[in-house]
Each structure stands twice: as C-alpha cells, then as structure tokens.
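Structure assessment
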Amino acid sequence: MRFADWRCLLRPGDWFVLLFAALLTAALFPLVWRGGGAGKAVVRANGEIVAEVGLNEPRSITVDGPLGITRIEIAPGRARVAADPSPRQYCVRQGWLTQANSIAICAPNRVSLALVGRNRAYDSLNY
Amino acid sequence: MIRSTTEITLTPDADDHRIARYSAVAIALSVAEAAIPLPLPGVKPGLGNIVTLVVLMRYGWRDAAWVSLLRVFAASLLLGSFLAPGFFLSLCGALASLAALAMAVRLPRRWFGPVTMSLAASFAHIAGQLVLARLWLVPHDGVFLLSPVFALAALVFGLANGLAAARWLADDAVDQSSPASGPQAR
C-alpha cells in the first residue's frame with residue numbers, strides 16, 4: 001500500500017486532530033528538561049550554609065576554607081565553582097551546574113555548591 | 001418437579017455473540033502483543049484497541065465498552081497480570097479511553113474518522129494511566145516527567161491503530177458492496 005492509499009483513510013478533521021496531538025506532544029517535551037530547573041544556589045563551608053542566593057543575576061561569592069579561598073560564580077540559571085585550591089580541582093572541572101539537586105563538592109577545602117529547585121527533592125532513595 | 005430457584009438460565013442473543021467474537025479478536029491481539037519486547041514499561045502499541053475502534057464505528061459506544069473491558073480482564077487473566085499493578089493501569093487507561101470515545105463519537109462522521117477516535121483514546125489512555133500512577137504507584141510529580149515519552153507513543157501508536165481500523169472498515173465496506181457480502185451487514 002502506498003502513502004496515498006493510507007492518506008485517503010484520513011478524513012479532514014483527522015488531520016486537524018493529528019496536528020493538535022503532535023503539537024501537544026511537542027509542547028510536553030520541554031517538561032523533560034525544565035522539570036529540573038534550579039531556583040537557587042546553596043553554598044556550604046564545613047557543612048554549614050554560608051550563602052543562599054537566587055540564580056537571578058550574576059555575582060561572585062568567596063568562601064574561606066582550610067586550604068584557602070574558593071570562589072563561586074553565580075549566573076542567571078546556573079552556578080559554578082570558578083576557582084578552588086583543591087589539588088585535583090574536581091569541583092572546578094565539573095563546570096556549570098544547571099539542574100536542581102546537582103552539587104559540586106570541593107572536599108579538601110570543605111566547600112560545596114548545591115543547586116535546589118522550587119521544592120526539595122531527595123538526595124537518594126532506596127527500596 | 002419444582003424448578004430450582006437458584007438455577008439461572010442465560011440465553012446469549014446475537015449481540016452477545018457479536019461482542020464475544022470481537023472480544024476474542026481483541027484478546028488474541030493483546031496476547032500476541034505481549035510477546036513483542038518493548039523498551040519501556042507502559043509503552044506498547046495496544047493493538048487490541050484496533051478492534052475496539054472498529055466496534056465503535058460499526059455498533060456504537062456500548063459495544064465498544066464491552067469489548068474493551070472484556071479484553072482488559074481476559075487478557076490480564078491469560079497473561080497472569082490480573083489484579084497486579086499493570087492490570088489496574090490498563091483498566092484505568094481503558095476507562096479513560098472509553099470516556100474520551102464517548103465524547104469523540106459524537107463528532108460528525110463526515111469529518112472525523114477512526115484516526116480521530118484512536119488519537120483521542122490513546123491520549124486519554126496515557127492520561128488515565130499517569131494520573132493513577134501519580135496517585136498510587138509513584139506518589140511524586142516525577143512521573144509526569146515521563147509524559148512526553150508516553151505522549152509520543154500515544155501519537156505514533158494512536159495514528160497507526162487508527163489507520164489500521166480505518167483500513168479494516170474500508171476493506172469490509174468494499175467486501176460488502178460486492179455481491180458475495182458476508183453476514184456482517186446490518
């Protein structure tokens with residue numbers, strides 16, 4: 001059966017409904033990514049919260065740790081550890097964090113940067 | 001001899017036979033479909049619904065509801081999932097589909113054919129399933145993050161099933177217009 005044979009099975013309103021269904025599906029897709037959008041950044045030093053800032057405007061935060069100064073950079077919708085004295089630089093190399101509940105931990109300097117969404121999700125789940 | 005008062009005699013009429021026949025086809029399709037490996041639980045073609053659509057277009061909503069619900073129950077019994085979570089998801093999806101079909105079937109036939117019915121039913125099906133899953137199985141809004149995947153499946157399989165049903169109806173219409181028409185005419 002060729003395409004034209006299948007096409008004649010669709011009535012005019014069917015095309016309309018099909019288009020509507022396709023648009024609905026397309027409209028749902030951003031949900032996959034937007035669902036984890038972050039609202040604010042929480043900076044901890046030695047386990048205690050030192051800063052809690054919204055991801056609205058760019059700014060820079062410096063935190064003192066046992067090894068030295070960790071510099072955290074906030075930008076609209078994202079945040080990163082810009083500089084850190086840790087030897088292996090894991091938290092710096094993680095780059096920009098954009099998703100809620102993502103975290104960059106600079107363990108040697110005891111500093112962490114976490115993004116939280118509008119409502120707190122779980123760190124982990126087990127069954 | 002006094003007739004037993006507990007003995008109930010049921011005489012199936014033509015409607016019952018017809019519904020049973022269509023249900024049997026739908027159940028066979030559902031069972032056959034269970035053999036197809038699928039990447040994600042909950043995403044499946046729902047081939048049994050082709051039969052529901054054909055019955056809906058030919059005999060109306062009441063018969064379609066019978067065929068659809070009989071298929072859900074019988075197929076789950078055959079596959080061993082009766083009263084398991086999957087069965088309730090299936091049932092909830094079928095009920096939502098039937099509710100959507102009850103509305104869709106009122107649309108003018110000239111403009112809206114089986115594909116419209118199929119898409120309405122498939123989208124209602126995933127909506128019903130997601131609502132039940134959110135309320136009962138995964139009480140967290142996270143399940144809705146899967147909705148685009150289910151919507152895409154509903155779009156693709158809804159279109160495919162609708163076209164299959166339209167083809168079935170069109171082929172039978174051709175058969176009936178020929179002199180050797182089957183007993184299907186009504």
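Chain B appears in an unreviewed UniProt entry as Gx transporter family protein from Candidatus Methylophosphatis roskildensis.

Identification of chain A as NusG domain II-containing protein from Candidatus Methylophosphatis roskildensis is taken from an unreviewed UniProt entry.

**Section: the overall build of chain B**
Broken down by element type, chain B carries six helices and zero strands. Tracing chain B from N to C terminus, the helices and strands come up as α-α-α-α-α-α. Principal axes of the C-alpha set define a box for chain B whose edges measure 60 × 50 × 30 Å. Counting over 186 residues, chain B shows a buried share of 40%. Contacts spanning at least 24 positions in sequence make up 72% of the contacts within chain B whose residues lie at least 6 apart. About 10200 Å² of surface is accessible on chain B, with carbon and sulfur atoms providing 69% of the total.

**What to know about the interface of chain B and chain A**
Listed as interface residues are 24 residues of chain B and, on the opposing side, 20 residues of chain A. If you look at where chain B meets chain A, you find zero salt bridges. For the pair chain B and chain A, the interface holds four residue pairs in polar contact (both at pLDDT 80 or more). If you list the elements that add at least two residues to the side of chain B that touches chain A, you get helix H5 (114-137) and helix H6 (147-177) of chain B. If you tally residues by element for the side of chain B that touches chain A, the top one is H6(B), at 10 residues.

**A closer look at the layout of surface pockets**
All names here are of chain B. In this structure, the largest pocket occupies an estimated 950 Å³ of space. Lining the largest pocket are 42 residues, with Glu33, Lys44, Ser90, His125 and Gln129 sitting closest to its centre. Those elements that provide at least two residues to the lining of the largest pocket are helix H1 (14-33), helix H2 (48-59), helix H3 (61-79), helix H4 (85-104), H5 and H6. If you tally residues by element for the lining of the largest pocket, the top one is H4, at eight residues. A per-class count over the lining of the largest pocket returns 22 nonpolar, 17 polar and three charged.

**Here we look at the state of the cysteines**
Residues and elements named next belong to chain A. By the definition in use, this model includes one disulfide over all chains. Each sulfur of the disulfide joining cysteine 91 and cysteine 106 lies 2.0 Å from the other. What sets the handedness of the cysteine 91 and cysteine 106 disulfide is the S-S torsion sign, and at about 110 degrees it is right-handed. Here the residue cysteine 91 occupies a position in helix H4 (residues 90-93), and cysteine 106 occupies one in strand S6 (residues 103-106), the gap between them amounting to 15 residues. Exposure class is identical for cysteine 91 and cysteine 106. Each is buried.

What counts, and where the lines are drawn
- Residues numbered from 1 in each chain as written.
- Chains lettered and ligands numbered in written order.
- Predicted model: local features only at pLDDT ≥ 70, side-chain atom pairs only at ≥ 80, totals over all residues.
- Heavy atoms only, no water.
- Helix = DSSP H or I, 4+ residues; strand = E, 2+ residues; numbered from the N terminus.
- Buried < 20%, exposed > 50% of the residue type's maximum accessible area, 1.4 Å probe, protein only.
- Contact = heavy atoms within 4.5 Å.
- Areas by Shrake-Rupley, 256 points an atom, 1.4 Å probe, with all protein chains shown as cover.
- Salt bridge = Lys/Arg side-chain N within 4 Å of Asp/Glu carboxyl O.
- Polar contact = N/O pair within 3.5 Å; in protein donor to acceptor, adjacent residues only side chain to side chain.
- 1 Å grid on protein atoms, 1.4 Å probe; cavity = no way out; pocket = protein on both sides within 12 Å on 5 of 7 lines; lining within 4 Å.
- Points joined across faces, edges and corners; volume = space filled by probe spheres on them.
- Nonpolar A, V, L, I, M, F, W, Y, C, P; charged D, E, K, R; others polar.
- Disulfide = S-S within 2.5 Å.

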